Amino acid sequence: MRLAVLLSGRGSNFAAVHDAIVHGDLDAEIVCVLANRANAAGIERARILGLPGHVVDHRAFASREGHEAEVLRILEEARPDFIALAGYMRLLSPAFIAAYPMRIVNIHPSLLPAFPGVDAQAQAIAYGVKISGCTVHFVDENLDAGPIIVQRAVPVSNDDDATSLSARILNEEHIAYVEALKKLSKSRYRIDGRRVVFS
Ligand code: GAR
């Protein structure tokens, strides 16, 4: 499995995926790590690891289309089988998604369809749910809405705040992302409406 990773910040999910590959838990090769911010810690980590890292700063482009065209050009050269969004805080246009139909996956820090969008963990605290978690899903043209591949749940306690809940969810994210990519690389599956059916 040739994997491209798109990120905007810390890159702990990218690191978890990379660790799984190094330890032989995931049969994949990271062929491209791309950030939209030069100061993303994840891109620095990619460089230290000797992986092909690219920065395409969205602020350097006049339009979203221009930025995406450059990202797509880099991806075309890298020829990924799947593109993993790992804290990539840019909305992808329908045209971008159409270039890789059901081959872009994302991780979101809630049990979707609950709490899509930004600050999902704070949304969960504010709503008062007793269980939250994370979701790895295919990306479609709607925000945080594509077919679900893997979910993992965590309890929410009375004294949690967004920070403590985020940390608990992040531990599960690292497991969930590897599990999802492993399933995509090893299993046969079909997408039946909203359902990802593994066989
Ligand atoms: C993760 O919690 C991920 O679920 C979230 O950003 C964080 C990135 O952390 N993504 C979203 O909220 C996307 N809607 P990381 O850079 O350490 O992997």
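Residues numbered from 1 in each chain as written. Predicted model: local features only at pLDDT ≥ 70, side-chain atom pairs only at ≥ 80, totals over all residues. Heavy atoms only, no water.

Draft legend 1. Looking closely at the overall build of the protein. A count of helical and extended segments in the protein gives six helices and nine strands. Over its C-alpha atoms the protein spans a radius of gyration of 16 Å, differing by no more than 12% from the 16 Å that the globule rule assigns to 199 residues. Its C-alpha atoms put the protein at 45 × 40 × 35 Å along the principal axes. Once local pairs closer than 6 in sequence are excluded, the contacts in the protein between residues at least 24 apart make up 61%. A gap of 3 Å separates the mean positions of the 21 positive and 23 negative side-chain charges of the protein. (Helix = DSSP H or I, 4+ residues; strand = E, 2+ residues; numbered from the N terminus. Rg over C-alpha atoms; globule rule 2.2 N^0.38 Å. Contact = heavy atoms within 4.5 Å. Lys, Arg positive; Asp, Glu negative; His and termini not counted. Charge placed at Lys NZ, Arg CZ, Asp CG, Glu CD.)

Draft legend 2. Broad picture of the layout of surface pockets. Of the voids in this model, the largest pocket is the one considered here, and its volume is about 900 Å³. Around the largest pocket sit 37 residues that line it, and Gly-87, Tyr-88, Met-89, Ile-107 and His-108 are the ones nearest its centre. Looking at the lining of the largest pocket, the element that brings in the most residues is helix 6 (residues 162-186), giving four residues. The residue inventory of the lining of the largest pocket, partitioned by class, reads 17 nonpolar, 13 polar and seven charged. (1 Å grid on protein atoms, 1.4 Å probe; cavity = no way out; pocket = protein on both sides within 12 Å on 5 of 7 lines; lining within 4 Å. Points joined across faces, edges and corners; volume = space filled by probe spheres on them. Nonpolar A, V, L, I, M, F, W, Y, C, P; charged D, E, K, R; others polar.)

Draft legend 3. Quick look at the site of the ligand. Around the ligand, the neighbouring residues are Arg-10, Gly-11, Ser-12, Asn-13, Gly-87, Met-89, Ile-107, His-108, Pro-109, Leu-170 and Glu-173. Within the backbone of Gly-11, a nitrogen or oxygen atom sits 2.7 Å from an oxygen atom of the ligand. One of the side-chain nitrogen or oxygen atoms of Glu-173 is found 2.8 Å away from an oxygen atom of the ligand. Here the ligand, which alone exposes 450 Å², has 88% of that area covered by the protein. Counting atoms within 2 Å of the grid points, the majority share of the ligand lands in the largest pocket. Sorting the residues of the shell around the ligand by element identifies helix 1 (12-22), strand 5 (104-108) and helix 6 as the ones contributing at least two each. (Near = heavy atom within 4 Å. Polar contact = N/O pair within 3.5 Å; in protein donor to acceptor, adjacent residues only side chain to side chain. Areas by Shrake-Rupley, 256 points an atom, 1.4 Å probe, with all protein chains shown as cover. Sits in = over half its atoms within 2 Å of the grid points.)

Draft legend 4. The arrangement of the packing of aromatic side chains in detail. Enumeration according to the criterion identifies three aromatic pairs in this entry. Taken together, the aromatic side chains of Phe-138, Tyr-189 and Phe-198 make up a single cluster linked through ring pairs. The positively charged end of Lys-183 is found above the aromatic ring belonging to Phe-198, 4.6 Å away from the centroid. (Phe/Tyr/Trp six-rings, centres within 6.5 Å; stacked < 30°, edge-to-face > 60°. Lys NZ or Arg CZ within 6 Å of the ring centre and 35° of its normal.)

Draft legend 5. Here's a closer look at the pattern of salt bridges. In total, this model carries seven salt bridges according to the counting rule given. Asp-160 is the partner of Arg-168 in a salt bridge, and the nearest nitrogen-oxygen pair spans 2.6 Å. Linking Asp-192 and Arg-190 is a salt bridge whose minimum nitrogen-to-oxygen distance equals 3.6 Å. Asp-192 sits in the partly exposed class, given a relative accessible area of 38%. Residues joined in a network through salt bridges with shared partners are Glu-70, Arg-73 and Glu-77. (Salt bridge = Lys/Arg side-chain N within 4 Å of Asp/Glu carboxyl O. Buried < 20%, exposed > 50% of the residue type's maximum accessible area, 1.4 Å probe, protein only.)

Draft legend 6. How the structure looks around empty space enclosed by the protein. One pass over the structure, following the stated rule, counts one cavity of 30 Å³ or more. Approximately 40 Å³ is the volume found for the largest cavity. What lines the largest cavity is Arg-64, His-67, Glu-68, Val-71, Tyr-88, Arg-90, Leu-91, Leu-92 and Phe-96. Sorting elements by how many residues they give to the lining of the largest cavity places helix 3 (residues 64-78) first, with four residues. Taken together, the residues of the lining of the largest cavity break down into five nonpolar, one polar and three charged.

Draft legend 7. Region of interest: helix 1. Of all the eleven residues making up helix 1, nine are buried; the element is thus mostly covered by neighbouring parts of the structure. Among all positions in helix 1, only Ser-12, Asn-13, Phe-14, Ala-15, Ala-16, Val-17, His-18, Ala-20 and Ile-21 are buried. In the segment just after helix 1, Gly-24 is the residue with positive phi, at about 75 degrees.

By themselves, these are just geometric observations and shouldn't be taken as functional.
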